[in-house]
Every structure is written in structure tokens, then in C-alpha cells.
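Each chain, written out:
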Amino acid sequence: MSLIPTLAETVSRARADLRMGLPVMIGGHLAAAVETLSAERLADIKALGRPLLALTGRRAETLKARAYDDGLARVQVPGDADLGWLRALADPAGDLMTPMKGPLFTEREGDAGPHKAALALAKSAQLLPAVLLVPAHAPAGLTVLAPGQVLAHLAGEAALAPVASARLPLMAAERSRLHIFRPDDGGEEHYAIEIGDPPRDRPVLARLHSACFTGDVLGSLKCDCGPQLQAALAAMGQAGAGVLLYLNQEGRGIGLANKMRAYALQNQGFDTVEANHRLGFEDDERDFRIGAGLLKRLGFSAARLMTNNPRKVAMLEGHGIAVPERVPLVTPRNRFNTGYLDTKAEKSGHLL
């Protein structure tokens, strides 16, 4: 029956539910994102039984809580815990002011599958990876998913469909065209800026550029994203051909709100990687398979990739795009981004 939601549609619906503060059902557990949870719904959840707070191993490490479940900690929630207690564990903004949040006791028995799936879903919704779960029967109207389905779907590669394209003269190149692609998983659209008429039978000068509102639009001095974007377009314009893929993966895939949380932590003295870890994320949550998929949809099988990140090269080559040449894209430093660039080189392997 085509009117029944597919798995992709159900996962997309669940993602939207969490962002709105509505719980979902995963593997016989009611799951609610702490970031959007209301006090009224917390009281209703606690009335169902003894909830556990699922945190990533990264966040658990900061809180000195044991993660027994392969990168996951299931923290016991005291009976008198309120929303403030939960949010203090989810959000590291106040860690330095109130570092002692324990003792925290974590579960080590039982099936952690629903908790892993709930955290993966929260991450995909670009929420803080902290989810409250309690075993329960599914109340009418809630989205219901199986843990294995969620994890398999989120680990898969979304199919990209072309939506629209049109000529768009740019300052860097008057002969250019903007292509819009939409993934089939309900995620954000991604863009390809095609400069000139690059031949499909030769390696195309290409860049995978992750969206950076602060750098690309506002001209932030804290990163090198804006200058890299303009330098890449200028190089393609000068060469007369190229493709810049603009991927909507803000903040290394954690979203703009979490990126601002990371910036606030950097103001407390943590570097980029440390800030991401304290929030409960990995160093980099982006999916560069999207770039390989877009190049294939555009008819390219090889690229001269403009990047300082060897991981992008490896990801493209691992997904069917040959990269015979890495083209460095080093831009001038300033006093605000020197530490950020040093961290990228030392901890993320960027060649700067």
C-alpha cells in the first residue's frame, strides 16, 4: 500500500517529532530528547517507570560516567531529578561552574539497542545527543520504530535526486549553473555550482564545501571557510571550469545551534575537537559520501580535489570517485583562527 509511510519517511517523521519535543517509540521504549523535553512530559515519562538517560561515550567521559555499551552510557535518573538536572548532563555550558554532577551510576545489563538508536536519531536531528528512555507501551499517535531499522537507515547512504537547475552568473564566473539536489531521507538539500562546461571524461576541478553560515555569509574570522569558498570559486573561474559542491552539513555535521554551543565552549578555553567531545559528538560528524554521490549524478568519475583534508580524498576514492590530484587550498591566517587551524592540523590531520 503506497499510502503507508516508508521506513525513510517514518525516520524523518521521528526526527521531526524529537525536534518538536514529542517522544517517539523505539524498541518498546518511549524516547524523548532532553533538549526539547518539557517539564510536563518529563513528569508523564517518570510516571511510566524508571527512566534512563542515554548519553554518548564522549559526553559520559566528560561527566566521569562509565559507558559500558560501546560508546554509550545509560545513566540512572534519580527519582527527584528535574529538567534542570537532565539538561545539566546534556549541555556542557555550565560544566566549569558546576563540575561535580555525580555520582552518576550507569546500567550495564540489558539491551542497549533502543538507546543507541535514540542517540543516533537525536544526532541526525541536530539535537544534543542526550535522550531519556523508559520501557512503555506505545501511546496512540506516537511514531514507532525498531532499533535495528533506525541504525541501519541512518548508517545508509541517501539517494540524491535533481530538483532544479538554472544559469546563475557569479562574480567569480559569469558562465555558471546552480543545481539543487534533494535526498530521499528527508534531510536538507545540497547544491552543486558548475562553472563553465567541465568535460565529463577528465578529472574535474572540484571542492566539497560544507556550509558555514558564520564564515560564508557573515565573514567570521574564527574559521577559514569563507576565504576557502571564495578562493575555490575564483580558481575555477580562472580555469574556466569546475564544480563546487555546497553540502548542508553546518558545523562539521552537528548543525548551527550546536556549533554555537561549541564556540561558547571554545571561549571557555577548549579547542574545536575538545568542544565537540564535551557536547557528545565526534570530531567530525559529516558524511562525505554525499559528495561522491553528487559528482556521480553530474556525470563525473574523477576529480582534482581542492582540499587540505586527506579524509575527503579517501572518502571519495572509497566511493567510486578517482582523485588523481589533491589541490591545496590554504588561505591566510588571522589572530582569531590560528588556534582553530592548528587544531585542524594536529588533531584532524589537515595539511596546512
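Just above sits the structure.
Residues numbered from 1 in each chain as written. Predicted model: local features only at pLDDT ≥ 70, side-chain atom pairs only at ≥ 80, totals over all residues. Heavy atoms only, no water.

**Student:** Describe in detail the overall build of the protein chain, supporting the description with residues and values.
**Tutor:** Within the protein chain, the regular secondary structure consists of 14 helices and 13 strands. The globule rule puts the C-alpha radius of gyration for 352 residues at 20 Å, and the 22 Å found for the protein chain is close to it. The buried share of the protein chain, taken over its 352 residues, is 49%. Across the protein chain, contacts joining residues at least 24 apart in sequence account for 68% of those joining residues at least 6 apart. For the protein chain, the accessible surface area stands at approximately 16,300 Å², while carbon and sulfur atoms represent 55% of it. Positive and negative side-chain charges in the protein chain, numbering 40 and 38 respectively, have mean positions lying 3 Å apart. (Helix = DSSP H or I, 4+ residues; strand = E, 2+ residues; numbered from the N terminus. Rg over C-alpha atoms; globule rule 2.2 N^0.38 Å. Buried < 20%, exposed > 50% of the residue type's maximum accessible area, 1.4 Å probe, protein only. Contact = heavy atoms within 4.5 Å. Areas by Shrake-Rupley, 256 points an atom, 1.4 Å probe, with all protein chains shown as cover. Lys, Arg positive; Asp, Glu negative; His and termini not counted. Charge placed at Lys NZ, Arg CZ, Asp CG, Glu CD.)

**Student:** So what about helix α5 (residues 113–124)? Which residues, and what values?
**Tutor:** Spanning twelve residues, α5 covers 17 Å between terminal C-alpha atoms, matching the ideal 16 Å at 1.5 Å per step. Buried within α5 we find G113, P114, H115, A117, A118, L119, L121 and A122. Looking one or two places after α5, you find Q126, whose phi comes out positive at around 60°. (Expected span 1.5 Å × (residues − 1).)

**Student:** I'd like a description of the layout of surface pockets, backed by residues and values.
**Tutor:** It is a probe the size of a water molecule, rolled over the atoms, that shows where empty space is left. Within this model, the largest pocket holds a volume of roughly 1,300 Å³. Lining the largest pocket are 46 residues, with A120, K123, S124, L154 and E285 positioned closest to its centre. Only α1 (7–20), α3 (57–63), α5, α6 (147–155), α12 (289–297) and α13 (310–318) provide two or more residues apiece to the lining of the largest pocket. Split into classes, the residues belonging to the lining of the largest pocket amount to 16 nonpolar, 14 polar and 16 charged. (1 Å grid on protein atoms, 1.4 Å probe; cavity = no way out; pocket = protein on both sides within 12 Å on 5 of 7 lines; lining within 4 Å. Points joined across faces, edges and corners; volume = space filled by probe spheres on them. Nonpolar A, V, L, I, M, F, W, Y, C, P; charged D, E, K, R; others polar.)

**Student:** Tell me about the sheet that holds strand β11 (residues 241–247), and please be specific about residues and values.
**Tutor:** With mixed pairing, the seven strands of this open sheet are ordered in space as β7-β8-β9-β11-β10-β12-β13. Looking along the sheet, the strands with just one partner apiece sit at the ends: β7 (160–167) and β13 (322–327). Here the average twist between neighbouring strands, direction ignored, is 25°. One ladder, built from four bridges, connects strand β12 (residues 302–306) with β13; its direction is parallel. (Pairing = 2+ DSSP bridges. Axes fitted to C-alpha atoms, helices over the stretch in contact; angles between N-to-C directions.)

**Student:** For empty space enclosed by the protein, give the residues involved together with the corresponding values.
**Tutor:** This model, assessed by the stated rule, comprises one cavity of 30 Å³ or more. In this structure, the largest cavity spans a volume of roughly 440 Å³. Together, 30 residues line the largest cavity, and C225, R252, R286, Y340 and K344 are the ones closest to its centre. Those elements that provide at least two residues to the lining of the largest cavity are β10 (204–210), α8 (225–239), α9 (250–253), α10 (256–267), α11 (272–279) and α14 (338–348).

**Student:** Describe the pairing of strand β2 (residues 29–33), with residues and values.
**Tutor:** Among the five residues in β2, five count as buried, and that is most of the element. Here β2 shows a buried face lined by H29, A31 and A33 and a second buried face lined by L30 and A32. Judged from the three bridges that link them, strand β1 (residues 24–26) and β2 form a sheet pairing that is antiparallel. Bridging from a neighbouring strand, M25 pairs with L30 of β2. What sits between the antiparallel neighbours β1 and β2 is a turn of two residues, in which G27 has the positive phi angle 55°. With five bridges connecting them, β2 and strand β5 (residues 130–135) associate as antiparallel partners. Residue pairing in the sheet places L30 in a bridge with V134 of β5.

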